Structure formats: structure tokens, C-alpha cells
Amino acid sequence: MKQLLLSLLLCFSVSVTFGQHSGSLTGRIEDENGPLPGAAIRIKGTSQGTVTDQSGAFWLTNIPAGSVTLTAGYIGYKTVEVTIQATTGEVVVPIIKLTPEGKALSDVVVRGTMAASQIKAISIKRNSLAMMDVMAADAIGKLPDRNAAEAVQRMPGVAVARYHGEADQATVRGVPFSWTSTLLNGTRMPSASVGGSRNAVLDAVPSEIIQYVQVAKALTPDMEGDAIGGSINFVTRVAPEFRKLSVSAAGGYNHFSKDGTYNASITYGDRFLKGKLGVMLTAAIWDRQWGTDEYVVSYNTALSVPQQRYSLNSLLLKRYMGKRQTYGLNAGLEYRFNEKHRLFGRALHDKFNDIRPVYESYLLFNTNEYQLNYRYSYYQTRIDGGEIGGEHQLVSRLKLDWSASHYVSEYYMDTPPTLPKDKRGLPIATFKQKLTKGFGGLASDGKRYLSFDSPNGVGDDPMHILPRLNDPTELMNPNQLTLRQLVLYQLGTKEADQVAQVNAKYDLSSRFSLKVGGKFRHKYKESQNAAQVYLPNAALGIPGAAPLVSLSQLERTEFPVRQNFFQNLGNGYDALAINSLTKNQLFDLFSPQFQQTNQFRDVTPVSNATGRFNGTENVLALYLMGEWNVIPKLKLFGGVRNEHTAVALNGSSYKRETVTTNGQSKSVETVTPTTVKNNYDAFLPMLHLKYTPTQKSVIRAAFTRTFIRPNFSDLNPGENINTTTNPITITRGNINLKPTFASNFDLMGEYYFDNIGLLTGGLFYKKIKDYSFSNQTVETYNGVQALVTQPQNLENASLKGIELGILRRFNFLPGLLSGLGLELNGTAIQSSLRVPRRVNNETQYETTSLPNQSKFLFNSILFYERKGLTIRLAGNFRGRSVETINQQLGPDFYTWTDDNFTLDGSAAYTINPKLRVFVEVNNLTNEPVRMYMGKPGRTTSTEWYSQRGQAGIRWDIF
């Protein structure tokens, strides 16, 4: 660490000392619509050159005095040559204007709604150092993708997780979601994941505030190093070069909820003070009604008889019906003193409200009961913050940039509003009804089964499990459903990141440059995952208790869209669609008045304290990176990065034990405050090769070492000891959990077509060290054996794969067919992980794939674009992946997410250069998300969302 710091300081001092003796050129490249990012600018007859940044600006150093000819090129545009008289100082090149090449291509570029975005993405990709895929803002708007995760799912090698019909997390190359680094303007976003993982939740980020999405498959030393799969960088909008004002508005319909949706956005940008001061403001709102049906099957996996572990415990029919609201406000400010110096500022406020009453009807087969739950879920997620920074050309060869940011991401619940702030959460009321004669359809051992698991073949269809009542008149009845439990889940997480960084780039010669930099991040983290539990005296068997309250005695409301309850499964479930509580009635159940009147008491477990913790994480990262133009066609770049992490967490440990005093035994519970700390370094060497054999082809190779920090939930200092069980059980976090490291090998080839197209193919391999997951061991506690569950670094793993992609326009076809085009990309992945398992007090190993890792990812877009008309049909496939590993019982009890293919469509027509109308439809085939245990037929969950769509207008006022 010290040696690296000294090297950085030495390089910086050398750059300042010798950076004053050469000339430089600065300028911009534009077309008639504005800047062209990723445009190539070269000094004719040499290998010296660069590419433009997001604002179309370029900077060339080590320019010899005299006449210099520059060549500027961009995909789909005519190459332009400009002759400049260079000096030993700085020369500002007049704006270089490019025009589309060829009549047919010119029509597509100027009048098309897709081609311009594809050109930008392809140009940035071709000229980037890193292995990177790019999506531009105007491409994001071509499909019905309303949040950041929905938008990025279209990119090669990217998969998303869907949360009740909408994507909310993204990962690269199918690795676990927390292994992908999600960045905002180059800095990792704080996480609002309530599960304690580090992956950012993206449903709070509206797609309208995004300027570019950059997906890096192989990192460079100047990027954040905690990304095993890759990184996804969302670049927010910046000030335009010309005045801009555009508005969009759309209204739609959700086929499931039978209700309307709407969204709107406005973007304004301009420059003042002779172009020095630039501003950008974007506001977006997306308000939609939504609903889903979820069919959930649970099994008796805890039974001692192995065969009976496959028997059915319960069937849950769950209906969600509510509202989602996404708000976004993004502001950008830039001040250019001159071509050498600029300052910028960014700020955003994103808010996601997920408001949903949830109706749950259970068949409890083991106890012959009905259960009805009603919950009012009002989840809120916010992302707030901003940053300031600057870019400065200090001398002709030295360029410096810096930034400082503060962002907060928080997930919280704030109901019922009648309770004090510290008592609020997710309210749930549970009702039960005992059946006199019970459920039928039992197998020979008296258990309910799926037919293929039954010992004598008597069982149910996995997707049509029915009550099979012994008495057909014993239906779910509001008069017999009595209130048995009230629970208030307190779920929440908050991360606040303060980040400062600086980078300096020095051109030692026309062929070699050096870049050094550092970043410091201070993270404050707090998390809670606990439950307040209230039970009536009557349910506790206390003599003289007040009678249980029935559902019929409480204020109720009509079951939503009753006629469509689980229509995907056919008939058989209408009787379980019971009118449940109103929202206000649910809130009243938690009031002191109701609980005193009906004799409810607080039975919240003392161990809840272990579900709360807070602390800090400080990260200091330093890097050294070089870039060498070996020959005109070959470039080598790489270096080293070191990230030092210091974690300190405050929590509580819980102990429950039996104490005997004077011959009397009693259970004693104690909670003790706990503070834990851990420090570690991640040393990350990286080397890249970029070879350009022709103007149309690029070959890239890379070796990188990356890592991922442990999830905060695994570092939780809390420990829960229960000596009243047999065996004694101990559950604890592990502050000494080490990071997981990966050695990554990548090879990629790219071929660029003349007509805005691309063919790519590549191989990758990852050797993973210190993979961590929940481990079970046996320890001695007070002289007896105890079963300990704790996250551990257990095994190494590996991942290898191949990815292929093509973007092809068929404008060589005659007439109407010339508007056709196709975009395909697929990734095949194979991973291997050994899982230790305790069997008869011995450790055995089983091999599986990595959790969340799909073996195959596939995206397809069939599009048509001609004379202002654009039509797109997009398919997205994610192969099955293991979600949870049951270390105790083995692979037949792992849970999996099944294959999933969704189909979306959109159409737009450009009425004139300023006005466009569009229509969008999601989930055309009503594809459900399925989960199963062990094998595909053994369903654990299936969820349907139906179709949704909207139509609207976009007006570019100027």
C-alpha cells in the first residue's frame, strides 16, 4: 500500500515538472443535432489520437509545432480532414462538423429514431479501452422500459430479477446479483436492499434521467474494483450544447388490475453566458395500478421421515393489488471557464412508492385449517444526493479531474400512521378457521402429496392443488375466521456514502500515458429486520380470556377483481376469495384501545434485538495505470489498484438458556451490546490488450483481478444462542468473513458493418476464491454439542462462458424490406461450486452452479425502421438458476427459478422532426415467473402479471 502511494506521488510530481514543454489541441465534434460522443480523432499519418467524451470534446497532447492534419470519423458519417497550425501552447480547433454518409444511410440517421442511438453506442464501444457495451438515452426510450433495471436488461450478457412483474436488480454474465457493481456516474451506488446485500435496487431510478448505460465486462484500474461479474454504470444527463426542451406524456392500461396508468417527463437544457454556463433539468413520473396472483406451495422439509419431506405443508393463494409510483428529478450544471477548465454539479431525487394491499388465503394441510392474512404493504425507497467536480488541463500534457459526492439510499415503511415512528412497519393480521372433517386426498401415510411424490400415487397436480374437502360445505367463512395474531414487521435499511476522488493523466510521449488516482468512501450503514408480535389471551389458552374476534365483526371491503382470481389455473379457488379488512380497520387493530379491549398482549421475542445493527465502512482506493500505443494497431494498458477496507459494526448478541436455581428450572434470556471490526486489502493487478487489424475489426484480451465485499447481513455482529432446543442452536454473523476474489480472463472479437451494424463474440473464464455462504458446523457449548449456522468462506468456484451478438440492418434489401433489422445476443455460462454438507457427522461435498447464475441468457430484437416508422419486438430470456442451497438436506431440496422468456413490443411514428407518437406493450405472452424445489415439476411458486401497455406522445419543442 505504501509503495503504491509513493509511486502515485512520484508520477504526479514528474508530470508537473515536465508537463510544460509541449503543445496541445482541444476541440469538439458535432453533427447537425449536437455532440458526437465516441468519435475518433487522429493525427494523419501517425498512431496518435483519441476519442471524444460525452460532450463531443477531445484533447490531444504532444503535438509538434507546425502544420498538422486531423482526421475525424464516426460510424455512418463521412470522414473529415482538418489542417491546423500547431504551436507549443494550446490551440483551440474550430468545431468539426460531420455529415451522414450516403443517401440511404443519411435518411436513417437523420429521420430514424433508432439509428442515431445505435451509432453512438457502437462508436463508444469501438473506441473504448475497456470491454464495454453502451446504450444511449434515445435507445432506452424505444422500448417500454421505465426504470433503470428494465432498460439495462436489453444489453448483452445482462440478466435482471423481477419483483412482482418489474425488474429491480441487474447482473452481468449471470453471476449472483451482489457480484455486479452498480455505479452512478462512475461511483458505486449505496444499496437499499432490505436483505442486506450490496446490490443496488434499481426500481427507484426512472430511465428518463439516464444519458448512457455502460456495461463493463473487464475492468480497468481506474474503475471500482469490487465487481466480479462486471459493472453497470448509469450516467445521468448533462447540460446539452444547444437549447433543449422536450416533453412526453402517456396513458395506459393494466390488464390484470383493470385500471389505468400514466407517465410523463420533461427535459430542459440550455447554455448561457456565451455558452459557458450549461444547465439540465429532467423530471419524470410514472404512476400505475398493478396486480399479480402468486401460487405458493410449501413442503414438510423438517420432518424426520425422509419420504415425508416431500409432503405438502400448505397452499397459499396470494393476490397483490395496488399502486406503484416512481418519481425522478435530475439536475445538471456545468461551467466552462475555457477549453482547459470546467466545473460541474449533479443532483438527483428519486422516489419509489410500492403501495399494495395483499390478500392471502392458505390451506394448512397438517392442521386442517384455513388461514387468511391481510397486510397493507407500503414500501418506500428513496435515492437522494449530488456531486460536484471539475476537469482541468493544468499544462499541455497533464489533465486532472476530481469530484466529491454524497448519496443516500433508504428503504423504509411508515405504517400504521397512528403509531409512534419507532413502532411503525408492515402490519399483518392473521385469521384462522378450524375444519371439523378436514382436507381429503390423503396418501396412504395420511399426508398430502403431489402425485409423483406420493407413496401410493394418490396426490395432486402441482399447478392445481385443490382443498378436496371431506365435507363440501366447510368453506372459508368470515363468521368462523377468528383473529389469532397481529405482526408488525420492522424492515428497513439505509446507506449514506460520502465519496471524494481525484485522477491525473499525464502524456509522457505521443505513445505512452500514465494515469494515477485515488478514491475515499465513508459509508454509514443501518439495518433492521425484526417483528413485533401480538397474540390474544384466548389463543394463549389463558383462562377467562375475552373471546376471539371474528372477521365478520370487523370492517371489510370487496375482494379486488374477484372474477379473475387465479383464472390462469382454471376453476376451484373462487371460494377462497374472501372479502377482507379495510386499510383503516387493519391500522386500528394495532391501536392500544383495540388491543386492550380484546386482550392482546405483546409477545415479541427478546432475540429481535439481533436483527438491528449499524456501523461504518471506510474504503481508500489507489491506482496506477499506463496506456501504451505499441504500434498503430496495437495498444496495451493496465496497472494495479489497491482497495483498503475498514469495517466497524454495532449490534447485539442474544442468549437463551435454562438455569436451575433451588431445584427450579427456568429459561433466561439476555441481550448484550456487541461491536466488531475488520480491516482488509484487495490488491488488483490488471492488463488489457486491444488490437485493431482493420478499421472494421477489433480484438481484445484481458486479465483482471477483481473482488466482492461480504454482504452486510453476513457481517451482522449479532449472535443468537438457544440452549432450550435439542441440539442447542447458535446463529451468528461473521465479521471476519473475507472478500471473494476472482481472477478473470477475457477474449473478445468485434466486427463493424458499414451500415450501422456489429458482430461480436467472446470467451471468458473466472477462477473464484473464498466463495461464502451459510455453513453449518457442530461446536461444543458448555460441554454439549451445538449446531452452529454462520456464513463462512468455504470453497473455491469457477465460471466460464461464451457470448455472441449481432446487430444487422437489412437496408440492402429492396423497397419496404430495407427497413428490417435484427439484434441478437446470447451468453452461455457454466459454473461449478462445491457445497459441503454434514451427513452422519461427516462432511460430504456436492457440486452445483453458483446461486442466481443462469446457464443461458438471450436477447432478441426484431425491428423495422423506415420513413419515420419504427416497430420493435423484443424478447428476453433468462435460463433457470438455483436460488437457495439447502445445505442440510441436499440438492433435491434446493430451490430454483425456472426458465423465463418475456416478449415486449413498441411502435413509434415520427410525424415531423419535433413530434412523435408511440405505443408500448409489456409481457405480450403473459409469461409467469416460476420457482420449484429439486425438479421442475415440484412447484414452490408461480406468479402471473398479465399484460400492460400505454400510448403517448413526445414533443421536442426545441
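Above this text is the structure in question.
First things first, this report covers the structure right here in the doc. Throughout, residues of each chain are indexed from 1 in the direction in which the sequence is written. Whole-chain, interface and lining totals are the exception, using all residues; otherwise, since this is a predicted model, local features are given only for residues with pLDDT of at least 70 and side-chain atom pairs are given and counted only at 80 or more. For the side-chain quantities, the full set of heavy atoms in the structure was used; hydrogens and water were omitted.

Once that is clear, we can look at the sheet that holds strand S15 (residues 210-218). DSSP bridges decide pairing: two strands pair if at least two such bridges lie between them. Strands are runs of DSSP state E lasting at least 2 residues, helices are runs of H or I lasting at least 4, and numbering of each runs from the N terminus. Judged by pairing direction, the sheet is mixed, and its five strands sit side by side in the order S10-S15-S16-S13-S14 without closing on themselves. Single-partner strands in this sheet number two, and they are strand S10 (131-136) and strand S14 (187-188). Where S10 lies against S15, six bridges are found, and the strand directions are antiparallel. Bridging across to S15, Met131 finds its partner in Ala218.

So, about the nonpolar core. What is meant by a nonpolar core is a set of buried Ala, Val, Leu, Ile, Met, Phe, Trp, Tyr and Cys residues, joined one to another through side-chain atoms within 4.5 Å. Per-residue accessibility, obtained with a 1.4 Å probe over protein chains only, is compared with the maximum for each type, and a residue is labelled buried under 20%, exposed over 50%, and partly exposed between these values. The biggest cluster of nonpolar side chains holds 52 residues, and the ones touching the most others in it are Tyr295, Tyr573 and Leu589. Of all the secondary structure elements, the ones that give two or more residues to this core are strand S19 (277-299), strand S20 (312-336), strand S21 (341-364), strand S22 (369-395), strand S24 (426-434), strand S25 (482-507) and helix H6 (583-589). It is S22 that provides the largest number of residues to this core, a total of four residues. Among the nonpolar cores identified, the runner-up in size contains 31 residues, and Phe58, Tyr74, Ile96 and Val698 belong to it.

Glancing now at the environment of Tyr378. Mapped onto the elements of the fold, Tyr378 is located in strand S22. Residue Tyr378 is classed as partly exposed on the basis of its relative accessible area, which comes to 23%. Distance from Tyr378 to Glu943, taken between C-alpha atoms, is 20 Å for residues 565 residues apart in sequence. Note on contacts: a residue pair qualifies if any of its non-hydrogen atoms lie within 4.5 Å across the two residues. In contact with Tyr378, not counting residues within four places along its chain, are Asn353, Asp354, Ile355, Tyr412, Met413, Asp414 and Thr415.

With that settled, the discussion passes to the pattern of salt bridges. Here a salt bridge means any side-chain nitrogen of Lys or Arg lying within 4 Å of a carboxyl oxygen belonging to Asp or Glu. Following the criterion strictly, the structure yields 53 salt bridges and no others. Close ionic contact of Lys738 with Asp770 constitutes a salt bridge, the shortest N to O distance being 3.7 Å. Residue Lys738 is found in the loop between strand S35 (728-732) and strand S36 (740-753), and its partner Asp770 is found in strand S37 (residues 757-781); the two are separated by 32 residues along the sequence. The exposure class of Lys738 is partly exposed, given its relative accessible area of 44%. One salt-bridge network, in which partners are shared between bridges, spans Lys125, Asp133, Arg173, Lys217, Arg700, Asp746, Glu750 and Glu803.

With that settled, the discussion passes to empty space enclosed by the protein. Cavity means a closed set of points on a 1 Å grid over the protein atoms alone, one where a 1.4 Å probe fits but cannot get out, pocket means an open set with protein on both sides within 12 Å along at least 5 of 7 lines, and lining means a residue has an atom within 4 Å of a point. Grid points are joined across faces, edges and corners, and a volume is the space filled by probe spheres set on the points. Applying the stated criterion to the full structure yields 10 cavities of 30 Å³ or more. Computed from the structure, the second largest cavity encloses a volume of approximately 250 Å³. Forming the walls of the second largest cavity are 25 residues, and the residues nearest its centre are Gly165, Glu166, Asn923, Tyr945 and Arg948. Ranked by residues supplied to the lining of the second largest cavity, first place goes to S19 with five residues. All amino acids are sorted into three groups, where Ala, Val, Leu, Ile, Met, Phe, Trp, Tyr, Cys and Pro are nonpolar, Asp, Glu, Lys and Arg are charged, and the leftover types, Gly among them, are polar. Residue composition of the lining of the second largest cavity, grouped by class: four nonpolar, 13 polar and eight charged.

Positionally, Asp453 belongs in the loop between S24 and S25. Each residue touching Asp453, except ones within four places of it in the same chain, is listed here: Gln307, Tyr310 and Arg938.

Here we have four strands laid out as an open sheet, ordered S4-S3-S6-S7, and antiparallel in their pairing. Because the sheet does not close on itself, it has two edges, and the strands there are strand S4 (49-51) and strand S7 (80-86). Here the average twist between neighbouring strands, direction ignored, is 20 degrees. As defined by bridge partners, strand S3 (residues 40-43) adjoins S4 across three bridges and the pair is classed as antiparallel. What sits directly across from Ala40, in S4, is Val51. To obtain an axis, a line is fitted to C-alpha atoms, over the contacting stretch when the element is a helix, and the angle between two such axes runs from 0 to 180 degrees between their N-to-C directions.

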